[in-house]
Amino acid sequence: RNQIVQERIKMIAALVAVLSKKEYDNKGNRPTHLAIELLGKLRADEEKVITILLSKLTFVPKGGRKREELPIEFDYVSAVALMKIGSPTVPALVQEISTTDNAERRELAAWIIMQIEGKEQASHRFGDRIKSMADSRNPDRHEKSIERFTAAKNHIENWKARFRNPMAIEQPSKKDSP
């Protein structure tokens, strides 16, 4: 058992090393894609893994995806990996929403939290954050962060699955209807 744990640690370190190399930064690079997917499958919840996956949040593999039946957000392999890792990623995702100026990154972070916690819980999380930040007695009050969390809350509450090719989604046949 201890040997398996040690091998897992080595594998995670090797995958992080792949993602840290500048030569793999080209958009659509296969080693980057595979390393991200494997870290998600391993549910590697180490802080350095979450940090590097967040740094690659908007990475989309070259050629996109092959599964038309999934929402567009699944194009972002780091978002899917962070979603698979689950609740250990939520604090870093909340921090991403709070600090980034990039709307795409904020929306993806909100979407991941929604996938992990569920729509209602994520909406409550953002609503509570907005209330605490809006309190004039709060020393950490920051108008820009309030705006960001309000946008994240709205994004989650209004989220509808968007598909690259809506016609690829199998529609129930009339004979299947009651």
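Residues numbered from 1 in each chain as written. Predicted model: local features only at pLDDT ≥ 70, side-chain atom pairs only at ≥ 80, totals over all residues. Heavy atoms only, no water.

Draft legend 1. Representation of the environment of A92 within the structure. Tracing the backbone through its elements, the reader meets A92 in helix α5 (residues 90-99). Each C-alpha atom of the pair A92 and A109 lies 9.0 Å from the other, and the pair is 17 residues apart in sequence. When neighbours within four sequence positions are excluded, A92 is seen to be in contact with I50 and L54. (Helix = DSSP H or I, 4+ residues; strand = E, 2+ residues; numbered from the N terminus. Contact = heavy atoms within 4.5 Å.)

Draft legend 2. Region of interest: the environment of E46. Mapped onto the secondary structure, E46 falls in the loop between α2 (30-41) and α3 (47-55). On the accessibility criterion, E46 (26% relative accessible area) is partly exposed. E46 sits 39 residues away from I85 along the chain, and the two C-alpha atoms are 9.7 Å apart. If near-sequence neighbours (up to four positions away) are discounted, E46 is found in contact with R8 and I12. (Buried < 20%, exposed > 50% of the residue type's maximum accessible area, 1.4 Å probe, protein only.)

Draft legend 3. Fine view of the pattern of salt bridges. Evaluated as defined, the whole model comprises six salt bridges. The partner of R125 in a salt bridge is E117, and the shortest N-O contact between them spans 2.5 Å. Judged by relative accessible area, which is 31%, R125 ranks as partly exposed. (Salt bridge = Lys/Arg side-chain N within 4 Å of Asp/Glu carboxyl O.)

Draft legend 4. Representation of α5 in the model. Of the positions making up α5, those classed as buried are V90, L93, V94, E96, I97 and S98. Looking at the buried positions of α5, the neighbouring elements they touch are α3, α4 (77-85), α6 (103-117), α7 (119-134) and α8 (143-157).

Draft legend 5. Broad picture of unusual backbone geometry. In the Ramachandran plot, R43 falls in the positive-phi region, its phi being about 50° despite a non-glycine side chain. Its place among the elements puts R43 in the loop between α2 and α3.

Draft legend 6. Main features of α6. For α6, built from 15 residues, the straight-helix expectation of 21 Å at 1.5 Å per residue is met to within 8% by its first-to-last C-alpha distance of 21 Å. Among all positions in α6, only R105, R106, L108, A109, A110, W111, I112, I113 and M114 are buried. Here the buried face of α6 lies against α3, α4, α5, α7 and α8. By the N-cap criterion, in which a side-chain oxygen at the helix start approaches the backbone nitrogen of a residue two or three places on, α6 is capped by N102, the distance to E104 being 2.9 Å. (Expected span 1.5 Å × (residues − 1). Polar contact = N/O pair within 3.5 Å; in protein donor to acceptor, adjacent residues only side chain to side chain.)

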